[in-house]
Amino acid sequence: GALAAQGRGDEALQFATQLTAEQQAKAGGLDRLRGTAEAAQARQAEAQGALGRARSLFEEALVSNPDDPWLRLDLARIYVRQGAVGTARSMMDGLLASHPDMVDALYAGALASMEQRHFEQARAFLARLTPLVAADAPAARLANLLAAEVAWNAGDAPRVLTLVNPAAPGRP
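Residues numbered from 1 in each chain as written. Predicted model: local features only at pLDDT ≥ 70, side-chain atom pairs only at ≥ 80, totals over all residues. Heavy atoms only, no water.

*Asks:* Which residues make up the pattern of salt bridges, and what are the values?
*Replies:* By the definition in use, this model includes 5 salt bridges. Of the charged contacts in the structure, one is a salt bridge between Glu59 and Arg55, with a shortest N-O distance of 3.2 Å. With Glu59 and Arg55 both in helix α5 (residues 51-64) and 4 residues apart, this pair spans about one turn of that helix. Glu59 sits in the partly exposed class, given a relative accessible area of 30%. (Salt bridge = Lys/Arg side-chain N within 4 Å of Asp/Glu carboxyl O. Helix = DSSP H or I, 4+ residues; strand = E, 2+ residues; numbered from the N terminus. Buried < 20%, exposed > 50% of the residue type's maximum accessible area, 1.4 Å probe, protein only.)

*Asks:* Please provide a residue-by-residue account of the nonpolar core, values included.
*Replies:* In this structure, Tyr107, Met114, Leu126, Leu129, Val133, Leu146 and Val150 are the most contacted members of the largest nonpolar core, which totals 22 residues. Among the elements of the structure, α7 (85-98), α8 (103-115), α9 (119-133), α10 (137-153) and α11 (157-164) are those that each provide at least two residues to this core. With sequence-adjacent residues up to four places away left out, Leu146 is seen in contact with Tyr107, Ala110, Leu111, Met114 and Leu126. Of all hydrophobic cores here, the second largest spans 20 residues; its members include Ala39, Ala42, Ile78 and Ala108. (Core = buried A, V, L, I, M, F, W, Y, C linked by side-chain atoms within 4.5 Å. Contact = heavy atoms within 4.5 Å.)

*Asks:* Requested: an account of the packing of α7 against α8, with residues and values cited.
*Replies:* Orientation of α7 relative to α8, taken along the N-to-C sense of each, is 155°, at an axis distance of 10 Å. As the angle between them shows, α7 and α8 are arranged roughly antiparallel. For the crossing formed where α7 meets α8, the hand is left-handed. For the pair α7 and α8, the contacting residues are Met92, Leu95 and Leu96 in the first and Ala105, Leu106, Ala108, Gly109 and Ala112 in the second. Taken together, the residues that form the contact of α7 with α8 break down as 7 nonpolar, 1 polar and no charged. (Axes fitted to C-alpha atoms, helices over the stretch in contact; angles between N-to-C directions. Parallel < 35°, antiparallel > 145°, perpendicular 65-115°, else oblique. Left-handed = near helix turned anticlockwise from the far one by under 90°. Nonpolar A, V, L, I, M, F, W, Y, C, P; charged D, E, K, R; others polar.)

So this is what it looks like as structure tokens:
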């Protein structure tokens, strides 16, 4: 985790292979550790402009962590940059089909849709997300801010004002 987060994926992977089986299990298993290290390497490759390498590494990381919505979002962004928009959409749709109430998948799906300017789909994801996070004030606020960003990007200024300041004078 920490080494991978610092962009030291190779070191993280080497360290992970030296852990005992019990230690690896506590960390989520060697496959998960390998996937985390590959994702860190992919982000580093992307930062260096090596999109092909980043794509390959993200795809390898996804084999180890297929239900990681943020990893899927990273890979979807690479696909978009390489012109494979349909593949990017199916990357997020596949996870949401198998995990329709996964909060992080709905957040990531809404972000991906917004970035691809599919505002209606982003709104649909947010509509599914809102009841799931209603009892969690910080998560609900984050969902509300994301909804405001979607509205802003869609050119819906009145909706933005309602979302950002729902208790403004003159509002019900």
